[in-house]
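Observations on the three-dimensional arrangement
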Amino acid sequence: MAKAKIRLALRVIIGQSSVANWEKYIFEDTYKEYLMQQQRFNSKEEPVNTFRELLAVNPGADQLHFLTGIAADSYIAQFNKSFYRYTDVLGSTFFPFTGYKFDIINTDITDVSKHKVGITLYSPLFTFLGVINNAYLVSLNTDDATGYETLMFPLQPQLSICYYEGEGELQ
């Protein structure tokens, strides 16, 4: 019997109160990069301070997500496709990912404390076996099989199914 396939998305929010060293580096480097890149989109005559204001007056500033995110690339690459801050139900710190998306939540060129960014990590395709005890039961084995080695990721804010492939509805 074919099982559904899913991809999970895990979102990490980084701001001034972030405590992990890699988050602090991303916070600092993306803020510096934003300060440089926003000049391409901000008006010299009537500059605005926040990212949201800049988007309102110049929709092309949407490119700043990508341009600013380049500063985070080397830090994400160091994870080598496994994020070790998120724990499964056994307490193992392991979340495999195949890609990520960087976005600016908001920032202000006059106040670094308002700088906040998000990184969404996307898992590889999993075989979805169900939800048990408020946890996604999944397997890295995506071939039809009679048995699966499994992982369980607790349901929580910032973790979501972002892709579903299969017949029937989620249970």
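Our subject in this report is the structure included herewith. Residue positions are given per chain, counting from 1 as you read along its sequence in written order. Totals for whole chains, interfaces and linings use every residue, but because this is a predicted model, local features are given only for residues with pLDDT of at least 70 and side-chain atom pairs only at 80 or more, for both listing and counting. Note that water and hydrogens are dropped before the side-chain values are worked out from all heavy atoms of the structure.

**Considering the pattern of salt bridges**
What counts here: Salt bridge, as used here: a side-chain nitrogen of Lys or Arg that lies within 4 Å of a carboxyl oxygen of Asp or Glu. Secondary structure counts use DSSP, requiring at least four H or I residues in a row for a helix and at least two E residues in a row for a strand, with both numbered from the N terminus. When a residue's accessible area, from a 1.4 Å probe over protein chains only, is under 20% of the maximum for its type it is buried; when over 50% it is exposed; and in between it is partly exposed.
What the rule picks out here adds up to two salt bridges. The partner of arginine 11 in a salt bridge is aspartate 103, with the nearest N and O atoms 2.7 Å apart. With arginine 11 in strand S1 (residues 4-14) and aspartate 103 in strand S4 (residues 99-106), this residue pair connects regions lying 92 residues apart in the sequence. Under the relative-accessibility criterion, arginine 11 is labelled partly exposed at 26%.

**Describing the side chain of threonine 127**
Counted only if it meets this: Each polar contact in these results corresponds to two N or O atoms within 3.5 Å; when the atoms are within protein, one needs to be able to donate a hydrogen and the other to accept it, and residues that are neighboring in sequence are counted only if both atoms are side-chain atoms.
With respect to the helices, strands and loops of the structure, threonine 127 is situated in strand S6 (residues 126-132). For threonine 127, a relative accessible area of 0% corresponds to the buried category. There is a polar contact of 2.5 Å between the side chain of threonine 127 and the backbone oxygen of asparagine 141.

**Side note on the environment of glutamate 33**
In plain terms, the rule: In what follows, residue pairs with any heavy atoms lying within 4.5 Å of each other are defined as contacts.
Along the polypeptide, glutamate 33 turns up in helix H1 (residues 21-37). The sequence separation of glutamate 33 and aspartate 73 amounts to 40 residues, and the corresponding C-alpha distance is 12 Å. Apart from residues no more than four positions distant in its own chain, glutamate 33 is found in contact with Leu67, Thr68 and Ala71. Engagement of the side chain of glutamate 33 in a polar contact is seen with the side chain of glutamine 37, the distance being 2.9 Å.

**Quick look at unusual backbone geometry**
One non-glycine residue, asparagine 80, lies in the positive phi region at around 55°. Accessibility expressed as a relative area gives 62% for asparagine 80, which makes it exposed. A positive phi is found at asparagine 134, a non-glycine position, where the angle reads about 60°. Examined against the element boundaries, asparagine 134 turns out to sit in the loop between S6 and strand S7 (135-139).

**Quick look at the pairing of S1**
Rule in force here: Pairing between strands is defined by DSSP: at least two bridges between the two strands are required.
Most of S1 sits out of view: eight of its 11 residues are buried. In terms of strand pairing, S1 meets S6 through three bridges, oriented antiparallel. Across the sheet, residue lysine 5 finds its bridge partner in S6, namely threonine 127. Alignment of S1 against strand S9 (residues 159-165), held across six bridges, turns out to be antiparallel. In the strand pairing of S9, alanine 9 is matched with serine 160.

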